[in-house]
Structure formats: C-alpha cells, structure tokens
Amino acid sequence: MRYVSTRGGCEAVSFEAAIAAGYAPDGGLYVPETLPRITASDLDAWRTLDFTGVAVEVLLPFVEGEVAREELEVLLRKAYAGYDATETVPVTKLTKSTALVELFHGPTLCFKDLGLQVAVRLLALFARRRNEPRTLLVATTGDTGPAALRAVADVGDPSLRCVVCYPRGQISDLQRKQMTSAASDAIRVCCFDGGGDDMDAPIKRLSLDPAFRAAHGLMGVNSYNIVRPLAQQVHYVWAFLRCRELFDCTTLDVVVPTGAMGNLAAATFAQRRGVPLGKLCAATNVNDISFRAFTEGDFSRAPEMLKTRSDAINIQVPYNFERVLYYALGGDAVGTRRAMDLFAENDALRLDAARFDLVYRAARIDDAATLAALRRCRDVHGLTCDPHAAVALAGAEALGYGVFDDGETPVAILATAHACKFQEAVMEAIGDAAWREYRGSSNFPARAKALEEAPEVEPLALRRRAGESLDDAQRRWEVMLRALLEDPDGLHAVLGECVDDEDDLDLGVGDDSL
C-alpha cells in the first residue's frame, strides 16, 4: 500500500514513511492510495472473531509488505491487552434501535487508546528495525496526551521519547494528573495558555522542518497522522457486526462526538471501503466549526475558543476535515489544496454544503443540553456517561434518533471517554449524592481512584504575554519546544524543580527570539 497527500504535491510513500512524517511535505494529510474493499462475505467471515481478530483483517491491507500478518497480530494483541472489558469494546443495547459503543475501557479510559497503543507500537517496531530514536510530539485537548504517554510507557522502548502539550485550565483534573503524575525520563509535559488547537501551528512547523525533524526523529501522533484514523476503523467494523446481531439491521448510522474529526475520518474510511454505515453524524459543542461546515458550508475559525463541559472536543480547526473534504471532492487533490490554501489565507472557507448531504449530518449541542442528556441517560438507562457521550446522545436526539425512547433507524452512539474523568461536569448534571454513589460503585475504575492522590510534577509553562498576538505566542512556544527537544536532559532537570514560568528558563536565546 502506498500513501498520497490530500494536496497532491508530493510523491506516494510507504506506510512507514507516512506514519513517520505525520504531515505530508506539501502540508497536506496522507491518505491511502486506494481503500481496499470490505465485502459482505468478509463481514460474515469476521462475525465470530474477537476484537483483535477483526483488527488484523481490517488493518492488514494497509501494512502489507511492511508488517507480516503474524507480526501484526502479536502487536495488536499487546495493544489491546490492557483493557478492562473482555470484549475490548462492549456494545450495549439502549433501545430497540440504539446502541452505545463503549470505547473507554483502555488503560487511560478513553478511545484514544485504541489508536495510540497501535500507533506507538508500530512506530517502535520501525524504530527498532532502523536502530533510530524517535520523539513523539503531541498536542492534546485532554485525552490524546495521557494515551500517548501511557502507550510509550507500555512499550518501554528506550528509543522512544514523548513530549505532550495541553491547554492550561481546559482539561479535567484527572486528565491533567494522568500526564503530570507520569514519571519517566522518556516523558516531558508542557502546558500552554490558549485553546485546544492553539499548539497545532508550532507543531506543524516543526513537523515540516525536514532537517530538524530528521535530527530528532520527530513525529506527531495526533490524528493528522494517518495511523490514527486507520486504527480507529476497527471499532466501526466491530460496532456494525455487533449491532447487526442486536438489531438484525443491514445498515447502521453512527453519531460521533466530534473535535479534530479523526474519529469521523475513520468512519469515512470504513464506509468507503464497503462497511454498511449509513449517515455519519458529527455531534459538536458550541465550538461548532464541524456543524457549520456540514450544514451551512461555513468552514471558518470562530473569534475565540469557548469553554465548555465537553472540553476534549473544544476544537476551532479540525485538521481531519481536510481528509473528509478530499473524499467529498471525489479525491480531487487540486481542489483540496486550493480550498485549504484559501482557508490558510482567510481563516475562512465557503463550501457547497450539498457535497456532504449524502453522507454526513451534524448537530450542535450546548452545555445545558449536554448536562440534560447526561442526567437523562442515568435516569432512563441506568448508565453514568461522560459529557462527550452526552453530546452525542443529545445530538442523536436532535437528529431524530430514538436514544431515550424507541426509534426506527438503527444507530450507534460512540461513548469516547469514561465518566470518571469528568467529575465536575458529571456532578453538575447528576448532583453530589449521585456522584458519591457512582464513585463508590464497582463501575468506577480502580485506576482512576489511584490517581486522585498521585503526586504531580509541575509542567513546563508556555505563557501568553499580556497584549501578545496568538501568532507571536505560537512562535515563542515553537522556540521553546525546539530548545526542549535539543536538550531534553537539561530541561528535564529544570522541570524537576517545578518551574512554572518560562521566564525562569535559560534557553540560550535572547528575548527578541522568544
């Protein structure tokens, strides 16, 4: 399998090269040159396989010639070994036509484990083959960072390092502790002042600097890296197989809490390969660029990031929209490049919303509706869900699916994180007494309880100075990240002293550069 850029400005590359680069050299995102078909006969044959068995069949065509079937199976069994659920991804029937797909039983209690455990193990495999160190550079809105750090720790390969950046005050306490209590010489944690995707520009510039990237073995594992949406195809195939049994259905709609749109890109791959997914529905919060793009053709950055109860999908510019647009344009790389260039110039793009109508639907859910859906899920279904699943439940209801009563169209609601990670939002929805009851139940994971008293190490603080533009702040942050990557051991020693202001750091460059 070869991989091409959505913008068509560079040669096709191998799987290894695509996942090592993250972004394509022309600034686009890699997609498979072809999408291998999944037939009805394939789905029938996979019906009795376990989750790992399905994963092997779904992913093998994308690594064939570079990773042997036996090697892939061993890797995937290790990737899914740390799950609390026997079936890895339980699919729970809520009503006669609605199922909840529980993606949160992995080691960091969120769906990002499904992509990152696979991604990091594949990257480590190729690093060992070449005897070359690798540094994973990650921006997180709450869940990607802990999942990446845990995957690096689980692999335990001395050739891997991981640097994670999260937005100050924009993630839950448990998400923060999952990162700041992780003790390893291979791990660095930074926090920045800004919205969830404000670190994307510095990371993209570092990723597109070929000399710097090569010198430090730099690679990104956010969902712009093709390995993430490829790996996440598996749970869509699994969900269809399980829902076909539950509902005796021939097609299945899905509703996805949507931020950077990696999960929706994975659904797009699976659907285009032949999995009978019907409508792919994006449920957003009030940071609603995906909703506006699909319903109005308005792909424009909002003036500011709004704080919400569903922090992990607080995204102003979902980078995987570029993949969705590429397929909506029929694989037209020239058209995709032109559109993304216009967006880069204006922070806005007008599209023909009709291009999305056949495949995508969208709903915009505010905090009040999110908390109401979380409360109703507990009252009606006896399940305590997280605020992102609540966004999906409320979105499904807004789109006419029967999530709290009986509907007609079979639909799967993706629950992307465990409720234990979002105490403040869940307590606001169900009340203190119900939270205490939940906290004391067997449904509350022991690993979450263990984190509550875990000691934390202060992260490196990337501040935004008074009156400073976002672009200027991002360029200073980029300089600091370069310094961190140039001298990780020295900076780690400083971090151990709990530095909380970048002005305390001697980075060997003048203030004009910073």
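Computed from a predicted structure; not experimentally measured.

### Structural notes on the overall build of the protein chain
The helix and strand inventory of the protein chain stands at 21 helices and 15 strands. Considered along the principal axes of its C-alpha atoms, the protein chain spans approximately 65 × 55 × 45 Å. Residue burial in the protein chain is summarised as follows: out of 514 residues, 61% are buried. Contacts in the protein chain between residues far apart in sequence, at least 24 positions, make up 76% of those at least 6 positions apart.

### Examining the pattern of salt bridges
Pairing is possible between side chains of opposite charge, provided their charged atoms come close. What the rule picks out here adds up to 33 salt bridges. The shortest N-O distance in the salt bridge between Arg69 and Glu57 comes to 3.0 Å. You can see Arg69 sitting in helix α4 (residues 69–79) and its partner Glu57 sitting in helix α3 (residues 51–63), a full twelve residues away along the chain. Note on Arg69: relative accessible area 35%, which makes it partly exposed. The closest approach of N and O atoms between Glu478 and Arg205, which form a salt bridge, is 2.6 Å. Residue Glu478 is located in helix α20 (residues 470–486), and its partner Arg205 is located in helix α8 (residues 200–207); the two are separated by 273 residues in the primary sequence. On the basis of relative accessibility, which here comes to 24%, the residue Arg205 falls in the partly exposed class. Via salt bridges that share partners, Asp288, Arg292, Asp298, Arg350 and Arg364 belong to a single interconnected network.

### A short note on the packing of aromatic side chains
To describe a pair of aromatic rings, you give the distance between the ring centres and the angle between the ring planes. Within this structure, the stated rule accounts for 20 aromatic pairs. A ring pair is formed by Phe294 and Tyr360, whose centres lie 4.8 Å apart and whose planes are at 5°; its orientation type is stacked. In this pair, Phe294 is assigned in helix α12 (residues 289–296) and Tyr360 in strand β13 (residues 360–364), connecting sequence segments 66 residues apart. With respect to class, Phe294 is no different from Tyr360; both count as buried. Cluster of aromatic residues (ring-pair linked, three or more members): Phe294, Phe299, Phe321, Phe343, Phe356 and Tyr360. Between the NZ or CZ atom of Arg439 and the centre of the ring of Phe444, over which it lies, the distance is 5.1 Å. The side chain of Arg482 reaches across the aromatic face of Phe212, ending 4.7 Å from its centre.

### Description of the pairing of strand β14 (residues 411–415)
In regular strands, side chains alternate between the two faces of the sheet. Among the five residues in β14, five count as buried, and that is most of the element. Pairing of strand β4 (residues 98–102) with β14, which is carried by five bridges, proceeds in the parallel orientation. Following the sheet pairing, Ala99 is matched in β14 by Ala412. Taken together, the three bridges between strand β9 (residues 252–257) and β14 define a ladder with parallel strand orientation. By the bridge assignment for β14, Val255 is matched with Ile413.

### Some details on the packing of helix α5 (residues 112–130) against helix α6 (residues 144–155)
Close contact between α5 and α6 brings their axes to 9 Å; oriented N to C, the two are set at 40°. Classed by the angle they form, the pair α5 and α6 counts as oblique. Between α5 and α6 lies a crossing whose hand is right-handed. In this structure, α5 contributes Lys112, Asp113, Leu116, Gln117, Val120, Arg121 and Ala124 to the contact, and α6 contributes Thr144, Ala147, Ala148, Arg150, Ala151, Val152, Asp154 and Val155. For the contact of α5 with α6, the residue count by class is eight nonpolar, two polar and five charged.

### Considerations on the confidence of the model for the protein chain
Confidence in the prediction for the protein chain averages 92 pLDDT; 95% of positions are at 70 or higher. Below a pLDDT of 50 lies the segment residues 490–514, which in the model reaches 43 contacts outside its immediate sequence neighbourhood of four places, other chains included.

### Describing the sheet that holds strand β15 (residues 460–462)
The sheet built from five strands is open, its strands ordered β8-β5-β6-β7-β15 with parallel pairing. Of all the strands in the sheet, just β8 (218–220) and β15 have a single pairing partner and so form its edges. Each adjacent strand pair in this sheet contributes to an overall mean axis angle of 25°, direction not counted. When strand β5 (residues 134–139) meets β8, the two strands line up parallel, connected through three bridges. Considered in β8, the bridge of Leu137 is made with Gly220.

### Details of the nonpolar core
Membership of the largest hydrophobic core comes to 116 residues, with the highest contact counts inside it found for Tyr80 and Phe294. Top element by residues in this core is helix α10 (residues 227–247). It accounts for twelve residues. For Tyr80, the contacting residues outside a window of four places in its chain are Phe51, Thr52, Ala55, Thr88, Leu114, Val118 and Val234. The next biggest cluster of nonpolar side chains, apart from the first, holds 45 residues, and it includes Ala283, Ala396, Val411 and Cys420.

### Some points on the side chain of Arg228
For Arg228, the position within the fold is in helix α10. Here Arg228 is buried and forms no salt bridge, its nearest opposite-charge partner Asp143 lying at an N-O distance of 9.2 Å. When neighbours within four sequence positions are excluded, Arg228 is seen to be in contact with Lys112, Gly115, Leu116, Thr144, Val221, Asn222 and Ser223.

### A word on the side chain of His105
Take His105: it is sitting in the loop between β4 and α5. The class of His105 is buried, set by a relative accessible area of 15%. At 2.8 Å, the side chain of His105 and the side chain of Glu102 are in polar contact. Non-local contacts of His105, meaning those with residues more than four positions away in its chain, are made with Gly82, Tyr83, Asp84, Ala85, Thr88 and Pro90.

Rules behind the numbers
Residues numbered from 1 in each chain as written. Predicted model: local features only at pLDDT ≥ 70, side-chain atom pairs only at ≥ 80, totals over all residues. Heavy atoms only, no water. Helix = DSSP H or I, 4+ residues; strand = E, 2+ residues; numbered from the N terminus. Buried < 20%, exposed > 50% of the residue type's maximum accessible area, 1.4 Å probe, protein only. Contact = heavy atoms within 4.5 Å. Salt bridge = Lys/Arg side-chain N within 4 Å of Asp/Glu carboxyl O. Phe/Tyr/Trp six-rings, centres within 6.5 Å; stacked < 30°, edge-to-face > 60°. Lys NZ or Arg CZ within 6 Å of the ring centre and 35° of its normal. Pairing = 2+ DSSP bridges. Axes fitted to C-alpha atoms, helices over the stretch in contact; angles between N-to-C directions. Parallel < 35°, antiparallel > 145°, perpendicular 65-115°, else oblique. Left-handed = near helix turned anticlockwise from the far one by under 90°. Nonpolar A, V, L, I, M, F, W, Y, C, P; charged D, E, K, R; others polar. pLDDT = per-residue confidence, 0-100. Core = buried A, V, L, I, M, F, W, Y, C linked by side-chain atoms within 4.5 Å. Lys, Arg positive; Asp, Glu negative; His and termini not counted. Polar contact = N/O pair within 3.5 Å; in protein donor to acceptor, adjacent residues only side chain to side chain.

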